[in-house]
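Structure at a glance
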Amino acid sequence: MAAQLPEHFKCPISLEIMSDPVILSSGHTFDRSSIQRWLDAGHRTCPITKLPLPDHASLIPNHALRSLISNFTPLTPTPIPNPSPPHPQPETLISSLTSSASSSSSKLDSLHKLTRLAKRDSLFRRRLTDSGIVPPLLSCVDSHDHDSLRENALSLLLILSLDDHNKVGLVAEGVVARLVAVISGTAAGNPSPDCRALAATTLTSLAVVEVNKATIGAYPHAIESLVALVRDGKGREKKEAATALYALCSFPDNRRRAVECGAVPVLLRSVDCGLERAVEVVGVLAKCKEGREQMERFHGCVQILSRVLRNGSSRGVQYALLALNSLCCGSEVASMEAIREGLLETCLGFLEDDNEKVRRNASALLQNLRGNNRIS
């Protein structure tokens, strides 16, 4: 099974198939357990590029790759009397997408074939982009009478975006405009929830590259549409929109943009409704002054984050502590609320946690609460 899987499904560190792929700030993907061991060992460089990493390196879940791995079906050789015909040339399939004589079903069939081949072969993906696949795909995304055509075109764009060398080029070819139109619902034909989720996931993939974070964040209504999708979306689309915001808001200017779009109350309400991915974005927005001010104004912010500390996953706890620490550092009111919520005792308990970031964030919050209120 492993031998039949594409090489990019394997972690560069362990060389095993990834079960929880995450993206490092360098743009490379690793299995979470492997890269976390690397970081916990004190390394502060990317294992591949050897370039320095931030002191608190972010690990962004690569949901797109995880989905590809989980849905991958290996090709099992079966005895056949005659050799199978060669794969169609990509140029032939692309021309089917652009031809006015092609029916929707013919275009859909071409997309299925292109996607199946692109999933398994990075060289084929490069050949596709070199052959001018992007404009025909964007035309399919614009399709207003065939949602399956749009969804399959978005799926192929997502697969193409997984390759680092494609990320900047896709943005340059106008992909962001179409993704934002799908996410915001302004694209023709009322895009489906699956299409909106795919568009948000593709933005996350493109935002791995630092220059793309700035470009996407500055694009009109890009961050606003993601905030609206977190507020109004359902299930997967809410989660993917929050993940895209997390990726984009590692760029400081985008934090302010998100706050200006009303992200803080939307995210806090989502956290309170069980969307733990939203607390990760709250933790990042708490790094900017505007974000902290909005959190102070939101009634029940400390209580919502406290509930994450009691009931959340290790990652949720890590970001709730980060947000509370940023908030309480400059606010005696927030500090007093945190103490009333019993966070001194909670933080003491986290000092023995297995997660090093949880321990560090709990220690920092404990010092802030004690310092702000002169508690020994």
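Scroll up to find the structure.
As a starting point, this report considers the structure included with it.

Let's talk about the overall build of the chain
The helix and strand inventory of the chain stands at 22 helices and three strands. The C-alpha atoms of the chain give a radius of gyration of 23 Å, which matches the 21 Å a tight globule of 376 residues would have. Overall size of the chain, expressed as C-alpha extent along the three principal axes, is 80 × 45 × 30 Å. Counting the 376 residues in the chain, one finds 51% classified as buried. Within the chain, counting contacts between residues at least 6 apart in sequence, those at least 24 apart form 65% of the total. On the chain, roughly 17100 Å² of surface is accessible, and the fraction owed to carbon and sulfur atoms is 52%. Where the 42 positive side-chain charges of the chain centre and where its 39 negative ones centre are 0 Å apart.

Regarding empty space enclosed by the protein
All told, the structure shown has one cavity of 30 Å³ or more when counted by the stated rule. Estimates place the volume of the largest cavity at around 50 Å³. Around the largest cavity, the lining residues are Ile23, Pro61, Asn62, His63, Ala64, Leu162, Thr201, Thr204, Ser205, Glu240 and Thr243. Only helix H2 (63-71), helix H10 (193-206) and helix H13 (235-248) provide two or more residues apiece to the lining of the largest cavity. Per element, the largest residue contribution to the lining of the largest cavity is three residues, and it comes from H10.

Focus: the pattern of salt bridges
Counted under the stated rule, the structure contains 17 salt bridges. Across the salt bridge formed by Asp163 and Arg125, the nearest N and O atoms sit 2.9 Å from each other. Here Asp163, found in the loop between helix H7 (147-161) and helix H8 (164-172), pairs with Arg125, found in helix H5 (residues 122-130); they are 38 residues apart in sequence, far enough to count as distant. With a relative accessible area of 11%, Asp163 lands in the buried category. When its relative accessible area of 1% is taken as the criterion, Arg125 is described as buried.

Describing the packing of aromatic side chains
Summed over the entire model, instances satisfying the criterion amount to one aromatic pair. Ring centres of Tyr246 and Tyr319 lie 5.7 Å apart, and the angle between their planes is 85°; this geometry places the pair in the edge-to-face category. Here Tyr319 lies in helix H19 (residues 314-329) and Tyr246 lies in helix H13, a separation of 73 residues in the sequence. Accessibility assignment for this pair places Tyr246 and Tyr319 in one class, buried.

A short note on the nonpolar core
Counting residues in hydrophobic clusters, the biggest one holds 121 residues, and the most contacted among them are Leu128, Ile133, Leu137, Leu226, Leu285 and Leu321. Those residues in contact with Leu128, other than ones at most four positions away along the chain, are Pro90, Ile94, Leu114, Ala118, Ile133, Leu156 and Leu160.

So, the side chain of Thr202
Mapped onto the elements, Thr202 comes out in helix H10. Excluding anything up to four places from it in sequence, Thr202 contacts Leu154, Leu157, Leu158, Ser161 and Leu179.

Observations concerning the sheet that holds strand S2 (residues 29-31)
Across the sheet, three strands lie side by side as S2-S1-S3; this open sheet has antiparallel pairing. The two strands at the open ends of the sheet, each matched to only one other strand, are S2 and strand S3 (60-61). With three bridges connecting them, strand S1 (residues 21-23) and S2 associate as antiparallel partners. Counted as the bridge partner of Pro21 is Asp31 from S2.

Re H5
Among the residues of H5, Phe124, Arg125, Leu128 and Thr129 are the ones counted as buried. All buried residues of H5 project into a common sector of 140° when viewed along the axis, lining one side. Those residues of H5 that are exposed and angled more than 90 degrees off the buried face are Leu123 and Asp130. Lining the buried residues of H5 we find helix H3 (90-98), helix H4 (104-120), H7 and H8. Gly132 lies just past H5 and shows a positive phi near 85°.

Some thoughts on the environment of Leu366
By the element assignment, Leu366 lies in helix H22 (residues 356-373). When the C-alpha atoms of Leu366 and Glu276 are compared, they prove to be 23 Å apart, with 90 residues separating the residues in sequence. For Leu366, the residues in contact, after removing those within four places along its chain, are Leu344, Cys347, Leu348 and Leu351.

A closer look at unusual backbone geometry
One non-glycine residue, Leu15, lies in the positive phi region at around 65°. Take Leu15: it is sitting in the segment before S1. Leu15 gets classed as exposed once you look at its relative accessible area, which sits at 59%.

Re the side chain of Thr129
With respect to the helices, strands and loops of the structure, Thr129 is situated in helix H5. A relative accessible area of 18% places Thr129 in the buried class. Excluding residues that lie within four positions of it along the chain, Thr129 makes contacts with Leu160 and Asn166.

Section: the state of the cysteines
One pass over the full model with this rule turns up zero disulfides. Cys195 takes part in no disulfide bond, and the closest cysteine sulfur, belonging to Cys140, lies 12 Å away.

About the cut-offs
- Residues numbered from 1 in each chain as written.
- Predicted model: local features only at pLDDT ≥ 70, side-chain atom pairs only at ≥ 80, totals over all residues.
- Heavy atoms only, no water.
- Helix = DSSP H or I, 4+ residues; strand = E, 2+ residues; numbered from the N terminus.
- Rg over C-alpha atoms; globule rule 2.2 N^0.38 Å.
- Buried < 20%, exposed > 50% of the residue type's maximum accessible area, 1.4 Å probe, protein only.
- Contact = heavy atoms within 4.5 Å.
- Areas by Shrake-Rupley, 256 points an atom, 1.4 Å probe, with all protein chains shown as cover.
- Lys, Arg positive; Asp, Glu negative; His and termini not counted.
- Charge placed at Lys NZ, Arg CZ, Asp CG, Glu CD.
- 1 Å grid on protein atoms, 1.4 Å probe; cavity = no way out; pocket = protein on both sides within 12 Å on 5 of 7 lines; lining within 4 Å.
- Points joined across faces, edges and corners; volume = space filled by probe spheres on them.
- Salt bridge = Lys/Arg side-chain N within 4 Å of Asp/Glu carboxyl O.
- Phe/Tyr/Trp six-rings, centres within 6.5 Å; stacked < 30°, edge-to-face > 60°.
- Core = buried A, V, L, I, M, F, W, Y, C linked by side-chain atoms within 4.5 Å.
- Pairing = 2+ DSSP bridges.
- Arc of directions from axis to C-beta.
- Disulfide = S-S within 2.5 Å.

Don't take any of this as a statement about function, it's just geometry.
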